[in-house]
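Summary of the model geometry
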Amino acid sequence: YLTNLEKLFLLDIPDLDMANGEMIMDIESLKQLHIRYVQTPESVPDFSSLKNLEELVLSGPLDTRAQRIVDISALDKMTHLTKLSLAFDTIKDYESLMSLTNLEELDIWTPEPYFETSIIQNLLHLEKLSIRGLTDECGLVTDESIFQRMPSLQEVEINNAIIYKK
């Protein structure tokens, strides 16, 4: 029934098996997937079988005591993504983002000191970068030359304030 579905929004799904399971993996036509978990998994599910998936938005409950995604290593197989949003402040290793060279938009929460500028420098198609959780002391906030070396980058937003615009 869902073979032609292009957009799927799963909001406040209490069953992790449903949000991460075969039902989703069988929708080959899926281009956009938004999941807001009630019970958040520890790892980003491997959605790499969804070859047409361009946009992935994952978020969890607003309750700060809830479990949050820590491991995003499954993303390194999802090189076809053009938009990624991860609303979790518990991720400590962002190296998987380096393989997402087709990304045009990246929206993440990150606690310092886990985010390094080398992670985004190879994202040559990146047009918009939004990062929340960084402080003014972070080199990313003050070093505009990082952005100038990225040919497609149009806008950088840190903590909801635009700090770079082409």
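These numbers come from a predicted model, not from an experiment.

1. Considering the sheet that holds strand E6 (residues 128–132)
Strand pairing in a sheet relies on backbone hydrogen bonds, with the paired strands running either antiparallel or parallel. With mixed pairing, 8 strands are arranged side by side in an open sheet as E1-E2-E3-E4-E5-E6-E7-E8. A strand with exactly one partner marks an edge of an open sheet, and here the two such strands are strand E1 (7–13) and strand E8 (161–165). Taken pair by pair, the neighbouring strands of this sheet meet at an average axis angle of 10 degrees, ignoring direction. The sheet contact formed by strand E2 (residues 32–37) and strand E3 (residues 55–59) spans 5 bridges and is parallel. Each residue of the ladder has a partner; that of Ile35, found in E3, is Leu58.

2. Brief notes about the environment of Leu10
Structurally, the position occupied by Leu10 is in strand E1. In this structure Leu10 comes out as buried when scored by relative accessible area, which is 6%. Along the backbone, Leu10 and Ile35 are 25 residues apart, and their C-alpha atoms lie at a distance of 4.8 Å.

3. A closer look at the nonpolar core
Ranked by size, the top nonpolar core spans 45 residues in total, and within it Leu33, Phe47, Leu56, Leu75, Leu84 and Leu106 carry the most contacts. Every residue in contact with Leu75, bar those within four places of it in the chain, is listed here: Val44, Leu56, Leu81, Leu84, Leu86, Ser96, Leu97, Ser99 and Leu100.

4. Some remarks on the pattern of salt bridges
Throughout the structure, instances matching the rule amount to 6 salt bridges. Residue Lys83 pairs with Glu105 through a salt bridge whose shortest N-O separation is 3.9 Å. One end of the pair, Lys83, is in strand E4 (residues 83–87); the other, Glu105, is in strand E5 (residues 105–109), with 22 residues separating them in the sequence. Take Lys83: its relative accessible area is 28%, and that puts it in the partly exposed class. Exposure remark for Glu105: the relative accessible area of 34% places this residue in the partly exposed category. A salt bridge links Asp107 to Arg132; the nearest nitrogen and oxygen atoms lie 3.4 Å apart. Here Asp107 is found in strand E5, whereas its partner Arg132 is found in strand E6, with 25 residues between them in sequence. Look at Asp107 and you get partly exposed, because its relative accessible area is 23%.

5. Observations concerning the side chain of Ser96
For Ser96, the position within the fold is in the loop between E4 and E5. Polar contacts involving the side chain of Ser96 include one to the main-chain carbonyl oxygen of Ile72, which spans 3.5 Å. Setting aside residues up to four positions removed in sequence, Ser96 forms contacts with Ile72, Ser73, Leu75 and Asp76.

6. Section: the pairing of strand E7 (residues 155–158)
Looking along a regular strand, one sees the side chains alternate between the two faces of the sheet. Alternating positions in E7 separate into two faces, Glu155 and Glu157 on one and Val156 and Ile158 on the other, with burial throughout. Where E6 meets E7, 4 bridges bridge the pair, whose relative direction is parallel. Residue pairing for E7: Leu129 is matched across the bridge by Val156. Summarising the sheet, E7 and E8 pair through 4 bridges and their orientation is antiparallel.

7. Regarding a negative patch on the surface
Residues Glu42, Asp71, Asp93, Glu95 and Glu116 make up a contiguous surface patch of negative charge. With respect to the element layout, Glu42 can be found in the loop between E2 and E3.

8. Some details on the environment of Leu11
Along the polypeptide, Leu11 turns up in strand E1. The partly exposed category is assigned to Leu11, whose relative accessible area is 46%. Between the C-alpha atom of Leu11 and that of Tyr37, which follows or precedes it by 26 residues, the distance is 6.7 Å.

Conventions we followed
Residue indices follow the written sequence of each chain, beginning from 1 at its first position. Per-residue local features are limited, in this predicted model, to residues with pLDDT of at least 70; the limit for side-chain atom pairs, both in listing and counting, is 80 or more; totals at the level of whole chains, interfaces and linings are taken over all residues. Side-chain calculation: all heavy atoms of the structure are included, whereas hydrogens and water are not. Two strands make a pair as long as DSSP finds a minimum of two bridges between them. Helical segments are the DSSP runs of H or I of at least four residues, strand segments are the runs of E of at least two, and each set is numbered from the N terminus. The angle between two axes is taken between their N-to-C directions and runs from 0 to 180 degrees, where each axis is a line fitted to C-alpha atoms and a helix contributes only its stretch in contact. Each residue's exposure class comes from its accessible area (1.4 Å probe, protein chains only) as a fraction of the maximum for that residue type: buried when under 20%, exposed when over 50%, partly exposed otherwise. Nonpolar cores are built from buried Ala, Val, Leu, Ile, Met, Phe, Trp, Tyr and Cys residues. Side-chain atoms within 4.5 Å join them into one set. When checking whether two residues touch, look at their non-hydrogen atoms; a contact exists if any pair is within 4.5 Å. We define a salt bridge as a contact between a side-chain nitrogen of Lys or Arg and a carboxyl oxygen of Asp or Glu at a distance within 4 Å. In protein, a polar contact means a hydrogen-donor-capable atom and an acceptor-capable atom, both N or O and within 3.5 Å, with residues adjacent in sequence counting only if both atoms are side-chain atoms; elsewhere, any N or O pair within 3.5 Å suffices. Within this analysis, patches are made of residues with over 30% relative accessible area and no salt bridge. Like charges are joined at 9 Å or less; nonpolar side chains (Val, Leu, Ile, Met, Phe, Trp, Tyr) at 5 Å or less. Reported accessibility uses the Shrake-Rupley method at a 1.4 Å probe radius. Residues are deemed covered only where the shown protein chains occlude them. Here Asp and Glu are counted as negative and Lys and Arg as positive; His is not counted, and neither are the chain ends. One atom stands in for each charge, and that atom is NZ of Lys, CZ of Arg, CG of Asp or CD of Glu.

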